[in-house]
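Chain residues, written in single-letter form:
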Amino acid sequence: MNDTETGPPAPAPGRRERKKAATRKAIADAALRLFLERGYDDVGIREIADAADVSTTTLFKHFPVKEALVFDEDADQEAGLLAAVRERPPGRSVPAALREHALRHRMAAADGDARFTAFAALVDATPALRDHLQNMWLRHAAALARVIADECGLPADDPACAALAHFALEAPRAARGQADPRRALCRAFDLLEGGWDTLTATAG
């Protein structure tokens, strides 16, 4: 369950790590700028490398496939999602922790951000990016389901944990099409919270 003790702060990244992170960001920023300007399919890897002032070899060290250039925060997003459950305050339910994470990170990124709107339009219009995004979210859902099960003392393949993970990830995307996305998101999580409370009470 939750560990209320806090460990020592993580060491600050060294110069080499900072340089790698800066290079990765420069590549991703150059790629997204070119994709938004001309379309994903009309931009080549060499053009992106030239725009970021790196070799194609360096680019592929950071991004093994072209689609990954658009989703450069994949690993960080998954880590933050899992941490929202693992590091939630004592007494906060798993659905409540996921609601807070969605409101703070996923919905906040979309609120009035023209760049996010353009990014979403790029993904929606590009089959390869839609497929990559779907596979990414399936991985995130599977990882989240395992963490929920671990936190709740349930089997790793528990179907209720898989369902909660799936719907918690889908709720922000569904809410964005509503007149009041934040209210719609909260209503979705109210439903998840009620169902989860009933399930855990019955299991207990």
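Residues numbered from 1 in each chain as written. Predicted model: local features only at pLDDT ≥ 70, side-chain atom pairs only at ≥ 80, totals over all residues. Heavy atoms only, no water.

**Some remarks on the packing of helix α7 (residues 127-152) against helix α8 (residues 159-175)**
So, point 1. Two numbers describe how α7 lies on α8: the axes approach to 8 Å, and their chain directions differ by 135°. Viewed along their axes, α7 and α8 adopt a mutual orientation that is oblique. Of the two elements, α7 crosses α8, and the hand of that crossing is right-handed. Residue-level contacts link Leu-133, Gln-134, Trp-137, His-140, Ala-141, Leu-144, Ala-145, Ile-148 and Ala-149 of α7 to Cys-161, Ala-162, Leu-164, Ala-165, Leu-169 and Arg-173 of α8.
So, point 2. For the contact of α7 with α8, the per-class residue count stands at 12 nonpolar, two polar and one charged. (Axes fitted to C-alpha atoms, helices over the stretch in contact; angles between N-to-C directions. Helix = DSSP H or I, 4+ residues; strand = E, 2+ residues; numbered from the N terminus. Parallel < 35°, antiparallel > 145°, perpendicular 65-115°, else oblique. Left-handed = near helix turned anticlockwise from the far one by under 90°. Contact = heavy atoms within 4.5 Å. Nonpolar A, V, L, I, M, F, W, Y, C, P; charged D, E, K, R; others polar.)

**Digging into the nonpolar core**
So, point 1. Of all hydrophobic cores here, the largest spans 51 residues; its most connected members are Phe-35, Ile-48, Leu-69, Leu-98, Leu-144 and Ile-148.
So, point 2. The dominant element in this core, judged by the number of residues it contributes, is α7, at 11 residues.
So, point 3. Excluding residues within four positions of it along the chain, Leu-69 makes contact with Ile-27, Ala-28, Ala-31, Phe-35, Ile-45, Ile-48, Leu-59 and Phe-63. (Core = buried A, V, L, I, M, F, W, Y, C linked by side-chain atoms within 4.5 Å. Buried < 20%, exposed > 50% of the residue type's maximum accessible area, 1.4 Å probe, protein only.)

**Concerning the packing of helix α4 (residues 74-86) against α7**
So, point 1. Look at α4 against α7: their axes get within 10 Å of each other, and the N-to-C directions meet at 20°. Considering the angle they form, α4 stands roughly parallel to α7. For the element pair α4 and α7, the recorded crossing hand is right-handed. Packed against α4, whose contacting residues are Asp-74, Gln-77, Glu-78, Leu-81, Leu-82, Val-85 and Arg-86, the element α7 presents Met-136, Arg-139, His-140, Ala-143, Leu-144, Val-147 and Glu-151 at the interface.
So, point 2. The class makeup of the residues in the contact of α4 with α7 is seven nonpolar, two polar and five charged.

**A closer look at the packing of aromatic side chains**
So, point 1. Using the criterion set out here, one finds three aromatic pairs in the structure.
So, point 2. Ring centres of Phe-71 and Phe-119 lie 6.0 Å apart, and the angle between their planes is 80°; on these two criteria the pair is classed as edge-to-face. Taken together, the positions of Phe-71 in the loop between α3 (56-62) and α4 and Phe-119 in helix α6 (residues 114-124) put the pair 48 residues apart, joining distant regions of the chain.
So, point 3. Taking the relative accessible area as the measure of exposure, Phe-71 reaches 8% and is therefore buried.
So, point 4. On the numbers, 6.3 Å between centres and 40° between planes, the contact of Phe-116 with Phe-119 is tilted. Here Phe-119 and Phe-116 lie together in helix α6, a separation of three residues that amounts to about one turn.
So, point 5. Taken together, the aromatic side chains of Phe-71, Phe-116 and Phe-119 make up a single cluster linked through ring pairs.
So, point 6. Directly above the aromatic system of Tyr-40 lies the positively charged group of Lys-66, at a separation of 4.3 Å from the ring centroid. (Phe/Tyr/Trp six-rings, centres within 6.5 Å; stacked < 30°, edge-to-face > 60°. Lys NZ or Arg CZ within 6 Å of the ring centre and 35° of its normal.)

**Thoughts on the pattern of salt bridges**
So, point 1. Across all of its chains, the model carries eight salt bridges by this definition.
So, point 2. Taking the shortest distance from any N to any O, the salt bridge between Arg-38 and Glu-47 comes out at 2.8 Å.
So, point 3. Linking Arg-88 and Glu-151 is a salt bridge whose minimum nitrogen-to-oxygen distance equals 2.8 Å. Residue Arg-88 is located in the loop between α4 and α5 (94-110), and its partner Glu-151 is located in helix α7; the two are separated by 63 residues in the primary sequence. (Salt bridge = Lys/Arg side-chain N within 4 Å of Asp/Glu carboxyl O.)

**Remarks on the side chain of Asp-74**
So, point 1. Tracing the chain through its elements places Asp-74 in helix α4.
So, point 2. Side chain to side chain, Asp-74 and His-140 meet in a polar contact 2.6 Å long.
So, point 3. Leaving out residues up to four positions away in the same chain, Asp-74 has contacts with Met-136, Arg-139 and His-140. (Polar contact = N/O pair within 3.5 Å; in protein donor to acceptor, adjacent residues only side chain to side chain.)

**Digging into the confidence of the model for the chain**
So, point 1. Considering every residue of the chain, the mean pLDDT works out to 89; 90% of them sit at 70 or more.
So, point 2. Counted against residues more than four places away or in other chains, residues 1-7, with its pLDDT under 50, gives 11 contacts. (pLDDT = per-residue confidence, 0-100.)

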